Structure formats: structure tokens, C-alpha cells
Amino acid sequence: MFTACATLVVITAGALVTSNDAGLSVPDWPTSFGYLVKVPHFVGGVRYEWSHRMVAGTLGVLTLAIAIWTLWVEHRRWLRWLAIGALCTFITQATLGGMTVRFFQPPWLSTAHATVAQTFFCIAVAIALFTGRHWVEDPEQDHPRVEFDPRHPSLFTLTLLSVVVLYVQLILGGMFRHHGMSWWPHVLNAATVSFVLAWTAIRAISVYSNIDAVRRPAIVMLSLLITQLFLGFAAFLTRVAWGQGAVQPELPMVASTVAHVAVGALLLATTVVLAIQVWRNLPVALAERVPQPQRGVSAA
């Protein structure tokens, strides 16, 4: 859980770097002005870029520790592989971050850096979920309450679609923030994201309110979606409508944009958690294989 929270701090620090146009304030990588750990003079955007690198380095140590510890003590093979995947994702993320400096921040590379960062955040949250006391020790999690989902599309399909449209929105937003495209594809896709996520959350809350593992992340997802829409509107006003001619980034634009990025990361991770819980508690393919008489007994 601590590593997941630290990842959100790193994502927020990265948003501060981009929002303050501080991406190339430290011109070398992996060193900073020729040093690995020496604190430079905090002039201009150096404070944002150097701080982002330091908290990211700390996150790397935490990720390595989790990977080693998981391989040492965890009996679930799939979780050991997930820990290795987390470490590989972090290494990829660090490499992309260095390449953005080396190649002077091309939009596609900076967007890939942001996308992999949020992917790592989702993996960290998933590991926290799988190793949590409620998942490991709670009898209801060991033998979760299973209800078949006969609806079309199934709730699991909707959660996967929600993750996909959020990734598309993340990429479009990253390209806009890094000056690779206009703002309107990101704004238009926001309508699609809102529709799909609202459909998914309302289905989960209204139909499966008796399953806490499904209802709770659905409520959080819907709440974050509403918050994200307000923050997106504020970011649009301060960045596009009012701040287009600003000589340097102004505080309202920086604050709204950074909050928009952070809540977006939370929204994506919550949607992933909902997908995991739906997959665990609401099987669809199994229901289609079970003969009709047996299905009724199992559902009961």
C-alpha cells in the first residue's frame, strides 16, 4: 500500500514537471548536472525535475524490495510473476523517462512515459489488493460469494471496456499536454469515457449492491468520475480558454492540471480494481457452461 501511495506521489510530481514546463530543466540523464545524488541549486524548474527524479528513484528501491520479498515468501506463482512484471514495468518507465530527456521530449515518447507510469500504478494497487488481509485471510475472499451474470454485455465486459476507454483518454490527454495534438480529441473522448464508466458503475451498484467487493469500488469509481469531470473543466478553462497567452504557467492552471492527472490515475486504478473484483465474484463463462438445473443450485 505504501508503494502504491508513493507511485501516486511520483505521478503527481511528474505532472508538476510537465505543468511547469520543467521537463528539460535538468539536461542530462541518468545523472543530474553530472552527479547522481548531489542536490543542485533549485533555480527555475530544477526543483520540480530533480525532485521528480529523486522520488522516482526511491520508488525503484521500494519496487525492487517488493519483487525480492514476493519471490522469497509468496506461494502464489501468478503473484510472483506479477511482482516481476511490476519491476520490469518500472525499469521500462525509468528508461522512457531518460529517453524523453535525451531526445528532447518528443510528444509520443513523453506520452508513453506517462502511460507506463499509470500502468505501474495499477499494478502496484493490484499487488496491494492481492496481498491485503481481506483478500488473504477473509473467509469470504477465500470463498467469495459468487453470482452469475447473465446480462449482455456482462459487467466484466463493461469493466474491461472502461479500462480501454480510460487508456485512450490517457493517451489523448498526454499528447495534448505534450503539444502533440489539439485539445478537442481529448474533450470529445471524455464524453465516451463518461458514458461507459457511468453505465458500468450504475450497473454494478444497482444490480450487485449485495456484494461489497463490487459495490464499493463502483461507488468510488463513480465519485472519482464526477470529480474528474469538474477538474477537467477547470483545467480546460485555465489552460485553453484563459491561459493560452500566458508567458509562463500560472498557479490556477498548474493546480487544476496536476489534480486532474492525479485523480485520473486514481480513477484508472479503481476501475482496474473493479474489474478484478467482478472477475472474481461474477463469473460469466462458467454460467454458460453449467447445465440449467445445476446452475440454479449453484446460484442459490
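Residues numbered from 1 in each chain as written. Predicted model: local features only at pLDDT ≥ 70, side-chain atom pairs only at ≥ 80, totals over all residues. Heavy atoms only, no water.

K.L.:
Describe the overall build of the protein chain, with residues and values.
P.N.:
On a plain count of helices and strands, the protein chain comes out with twelve helices and zero strands. Against the globule reference of 19 Å for 300 residues, the protein chain gives a C-alpha radius of gyration of 21 Å, in line with a compact fold. Its C-alpha atoms give the protein chain principal-axis dimensions of about 70 × 50 × 25 Å. Sorting the 300 residues of the protein chain into buried and exposed places 47% on the buried side. In the protein chain, once contacts between residues fewer than 6 apart in sequence are set aside, the share between residues at least 24 apart is 75%. Surface summary for the protein chain: the accessible area is close to 16000 Å², and the carbon and sulfur share equals 70%. Positive and negative side-chain charges of the protein chain, numbering 18 and 13 respectively, have mean locations separated by a distance of 3 Å. (Helix = DSSP H or I, 4+ residues; strand = E, 2+ residues; numbered from the N terminus. Rg over C-alpha atoms; globule rule 2.2 N^0.38 Å. Buried < 20%, exposed > 50% of the residue type's maximum accessible area, 1.4 Å probe, protein only. Contact = heavy atoms within 4.5 Å. Areas by Shrake-Rupley, 256 points an atom, 1.4 Å probe, with all protein chains shown as cover. Lys, Arg positive; Asp, Glu negative; His and termini not counted. Charge placed at Lys NZ, Arg CZ, Asp CG, Glu CD.)

K.L.:
Give a description of the packing of aromatic side chains that names residues and reports values.
P.N.:
Per the counting criterion, the structure on display carries six aromatic pairs. A centroid spacing of 5.1 Å and a plane angle of 70° characterise the contact between F130 and W135, whose relative ring orientation is edge-to-face. With respect to class, F130 is no different from W135; both count as buried. One aromatic cluster is present, formed by W78, F130 and W135 through successive ring pairs. The residue whose ring lies beneath R47 is Y48, and the NZ or CZ to ring-centre distance is 5.9 Å. Note that R280 overlies the ring of W135, its terminal NZ or CZ placed 4.1 Å from the centroid. (Phe/Tyr/Trp six-rings, centres within 6.5 Å; stacked < 30°, edge-to-face > 60°. Lys NZ or Arg CZ within 6 Å of the ring centre and 35° of its normal.)

K.L.:
Describe the side chain of E74, with residues and values.
P.N.:
Turning to its location among the elements, E74 is positioned in the loop between α2 (46-73) and α3 (77-102). When near neighbours in sequence (up to four residues on either side) are disregarded, E74 contacts W69, L79 and R80.

K.L.:
Account for the environment of Y167, with residues named and values stated.
P.N.:
Inspection of the secondary structure assignment puts Y167 in helix α7 (residues 155-177). Distance in space between the C-alpha atoms of Y167 and G232 is 16 Å, their sequence separation being 65 residues. With residues up to four places along the chain from it excluded, the contact list for Y167 reads T115, T119 and L268.

K.L.:
Tell me what's going on with unusual backbone geometry, and back it up with residues and numbers.
P.N.:
Backbone torsion omega between W29 and P30 reads 10°, so that peptide bond is classified as cis. In the segment running from H152 into P153, the intervening peptide bond is cis, with an omega of -5°. The topology assignment puts P153 in the loop between α6 (139-142) and α7. Backbone geometry at Q105 places phi at a positive 55°, although glycine is not the residue there. Secondary-structure assignment places Q105 in the loop between α3 and α4 (107-131). Although it is not a glycine, H179 adopts a positive phi angle of roughly 65°.

K.L.:
Quick rundown of a nonpolar patch on the surface? Include the residues and the values.
P.N.:
On the surface, a cluster of nonpolar side chains totalling about 410 Å² of accessible area is made up of W183, W184, V187 and L188. Mapped onto the elements, W183 comes out in the loop between α7 and α8 (184-207). (Patch = residues over 30% accessible without salt bridge, like charges linked within 9 Å, V, L, I, M, F, W, Y side chains within 5 Å. Salt bridge = Lys/Arg side-chain N within 4 Å of Asp/Glu carboxyl O.)

K.L.:
Account for the nonpolar core, naming residues and giving values.
P.N.:
If you look at the biggest cluster of nonpolar residues, it comprises 47 residues, and the most contacted ones within it are F130, L155, L197, V214, L267, I276 and L282. The set of elements that each furnish at least two residues to this core consists of α1 (2-19), α4, α7, α8, α9 (212-241) and α10 (251-281). When residues of this core are assigned to their parent elements, the largest contribution, 14 residues, is made by α10. Residues contacting L155, with those up to four places away along its chain left out, are D149, T200, R203, A204, Y208, V214, V278 and L282. In terms of nonpolar packing, the next biggest core, distinct from the first, is built from nine residues, A6, A56, F90 and I127 among them. (Core = buried A, V, L, I, M, F, W, Y, C linked by side-chain atoms within 4.5 Å.)

K.L.:
Could you give an account of the packing of α7 against α8, with specific residues and numbers?
P.N.:
Contact pair α7 / α8: the axes reach a minimum separation of 9 Å and the direction vectors enclose 160°. Put simply, α7 runs roughly antiparallel to α8. Crossing geometry of α7 relative to α8 is assigned as left-handed. In this structure, α7 contributes L155, L158, T159, L161, S162, V165, L166, V168, Q169, L172 and G173 to the contact, and α8 contributes P185, H186, N189, A190, T192, V193, V196, L197, W199, T200, R203 and A204. Considered class by class, the residues forming the contact of α7 with α8 number 14 nonpolar, eight polar and one charged. (Axes fitted to C-alpha atoms, helices over the stretch in contact; angles between N-to-C directions. Parallel < 35°, antiparallel > 145°, perpendicular 65-115°, else oblique. Left-handed = near helix turned anticlockwise from the far one by under 90°. Nonpolar A, V, L, I, M, F, W, Y, C, P; charged D, E, K, R; others polar.)

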